[in-house]
Amino acid sequence: MGILDGKKALIVGVASKHSIAYGIADAFHQQGAELAFTYQNEKLRPRVEKFAEAWDSTLTFPCDVASDEDIEQVFTDLKKHWDQVDIIVHSVGFAPAEELDGDYVDVTTRGGFRTAHDISAYSFVALAKAGRPMLSDGGAMLTLTYLGAERVLQNYNVMGLAKASLEANVRYMAASLGKQGVRVNGISAGPIKTLAASGIKSFRKMLAENARRAPLGRNITKEEVGNSAAFLSSDLASGITGEIMHVDGGFNITAMSQEDPEA
Ligand SMILES: NC(=O)c1ccc[n+]([C@@H]2O[C@H](COP(=O)([O-])OP(=O)(O)OC[C@H]3O[C@@H](n4cnc5c(N)ncnc54)[C@H](O)[C@@H]3O)[C@@H](O)[C@H]2O)c1
Ligand SMILES: Cc1c(CN(C)C(=O)CCc2cnc3c(c2)CCC(=O)N3)oc2ccccc12
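Residues numbered from 1 in each chain as written. Chains lettered and ligands numbered in written order. Predicted model: local features only at pLDDT ≥ 70, side-chain atom pairs only at ≥ 80, totals over all residues. Heavy atoms only, no water.

A. Main features of the pairing of strand β1 (residues 8–12). Where burial is concerned, most of β1 is hidden: four out of the five residues are buried. The parallel pair β1 and strand β2 (residues 34–39), bridged by helix α1 (residues 20–30), forms a crossover whose chirality is right-handed. Where β1 and strand β4 (residues 85–90) come together, four bridges link them in parallel fashion. Each residue of the ladder has a partner; that of V12, found in β4, is H90. (Buried < 20%, exposed > 50% of the residue type's maximum accessible area, 1.4 Å probe, protein only. Helix = DSSP H or I, 4+ residues; strand = E, 2+ residues; numbered from the N terminus. Right-handed = clockwise from strand over helix to strand, strands pointing away. Pairing = 2+ DSSP bridges.)

B. Highlighting the site of ligand 1. Near ligand 1 there are 26 residues, and of these G13, S19, Q40, K163 and T194 occur at the shortest range. In the model, an oxygen atom of ligand 1 is placed 2.8 Å from a nitrogen or oxygen of the G13 main chain. Backbone polar atom of V92 to an oxygen atom of ligand 1: 3.1 Å apart, as the coordinates give it. Within the complex, the protein chains bury 91% of what would otherwise be the 810 Å² of accessible surface of ligand 1. (Near = heavy atom within 4 Å. Polar contact = N/O pair within 3.5 Å; in protein donor to acceptor, adjacent residues only side chain to side chain. Areas by Shrake-Rupley, 256 points an atom, 1.4 Å probe, with all protein chains shown as cover.)

C. Layout of the site of ligand 2. In the vicinity of ligand 2 there are 13 residues, among which F94, A95, Y146, Y156 and A196 approach most closely. With respect to ligand 2, the backbone of A95 contributes an N or O atom lying 2.7 Å from a nitrogen atom. Y156 is positioned such that a nitrogen or oxygen atom in its side chain is 2.8 Å from an oxygen atom of ligand 2. Alone, ligand 2 offers 590 Å² of accessible surface; in the complex the protein occludes 86% of this. Residues that form the shell around ligand 2 fall into these classes: eleven nonpolar, two polar and no charged. (Nonpolar A, V, L, I, M, F, W, Y, C, P; charged D, E, K, R; others polar.)

D. Highlighting the pattern of salt bridges. Overall, the coordinates contain ten salt bridges when judged by the stated rule. Here R45 ties to E49 by a salt bridge, and the two come within 2.9 Å at their closest N and O atoms. Residue R45 and its partner E49 are located together in helix α2 (residues 45–54), separated by four residues, close to a single helical turn. Classification of R45 by relative accessible area gives partly exposed; the value is 34%. (Salt bridge = Lys/Arg side-chain N within 4 Å of Asp/Glu carboxyl O.)

E. Spotlight on the packing of helix α3 (residues 68–78) against helix α5 (residues 110–131). Interaxial distance between α3 and α5 falls to 9 Å at its minimum, and their mutual angle equals 40 degrees. Of the possible angle classes, the one that applies to α3 and α5 is oblique. Considering the relative orientation of α3 and α5, their crossing is right-handed. Taking contact as the criterion, the partners of D68, I71, E72 and F75 in α3 are, on α5, Y122, A126, L127, A130 and G131. Broken down by class, the residue content of the contact of α3 with α5 amounts to six nonpolar, one polar and two charged. (Axes fitted to C-alpha atoms, helices over the stretch in contact; angles between N-to-C directions. Parallel < 35°, antiparallel > 145°, perpendicular 65-115°, else oblique. Left-handed = near helix turned anticlockwise from the far one by under 90°. Contact = heavy atoms within 4.5 Å.)

F. Up close: the packing of aromatic side chains. As enumerated under the stated definition, the model contains five aromatic pairs in all. Ring geometry for Y22 against F51: centres 5.0 Å apart, planes inclined by 85 degrees, an arrangement best described as edge-to-face. Of this pair, Y22 sits in helix α1 while F51 sits in helix α2, placing them 29 residues apart in sequence. (Phe/Tyr/Trp six-rings, centres within 6.5 Å; stacked < 30°, edge-to-face > 60°.)

Here it is as C-alpha cells:
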C-alpha cells in the first residue's frame, strides 16, 4: 500500500545515482508509482535505461529541454504507452559554468542570462504546455528550486534569478492548471552533492556551513527530498498548489546561530 499506488509519473532530470531526481524516482517507486523518464542526451541514455529497469520501467525518452520539438516528441511517444500522466517532475537546472563563479555584475552576460532562464525556468511551463492534454484530473507537477531565489548566496548569481522566475512559474502555472484539477508545487532543497553541484567552488565549505547553521544540524539527503516529493505529488497533498516547500533542515529560517563565531 503506497501513497502513489496507481499513479503514472514522468521524471525529467535523472543524470546519475546522485541526482535529486534519482532520489525522487526511488521514493516514487517505493510508494507504488509507475515511472517514465527522459534523458538529456545519448551519453546519459544507457545509464538512465539501467536505472529505469531497476524501477520496473522500460519507458525512457530523449529530451533536451532547449528544444520544443524534443518536448513535444516526449508526450507523443508517451501517449503510445499511457493514456494519461498523473505526475510530471521537473528536476533540471543549468547556467554556463562561468556565470557561477565571481562577482554577479562582472560575470553575468546576456547569453548566460538567457540560457539560465530558458533551461532552468521556461522548460517547466514548456513541459506543462506539451503535457497538458495528457495530465489527469487530480494530477500534479513538481519542480526543484533553491534558496538562491530568495536570498543572495555568493556565486549562485544568475541561477538565483532563474530560480526566482521558476518559483513565480509555480504560482502562475498553479493558477492556470487548477481548473483542470492539476496542482503545481516546488521543493526548495538544501545543498546536495550532485553532478550539478560538482565543480562549484567551495561547495564542501557551503555544505559544512549549512550543516552547522541548520536547526537539524546536518545536510539533507536526496532520499528526504524524494519522500517530500512523493507527499506533494500524492493525493495526501490534494489541497496544496502554488506552494514552495523548503526541504533544507530548516536552514532558511535562520540568520545568526548561537555558535556563530561572529555572533
Ligand atoms: N544539488 C543541489 O544542491 C540542489 C539544491 C536545490 C535545488 N537543486 C536543483 O535540483 C535540480 C536537479 O539538480 P541536481 O542537483 O539533481 O543535479 P543533476 O546534475 O543530477 O541534475 C540536473 C539535471 O538537469 C539536466 N539538464 C541540464 N540541462 C538540460 C537540458 N538542456 N535538457 C534536459 N536536461 C537538462 C541534466 O541532464 C541533469 O539530469 C536542478 O533544478 C537544481 O537547480 C539542486
Ligand atoms: C548550492 C549551489 C549549487 C547547486 N544548486 C542549488 C543548483 O541549482 C545547481 C545549479 C547549476 C546550474 N548550472 C551549472 C551548475 C550548477 C554547475 C555545472 C554547470 O556547468 N552549470 O550550485 C551553486 C553554484 C554557486 C553557488 C552555490 C551553488
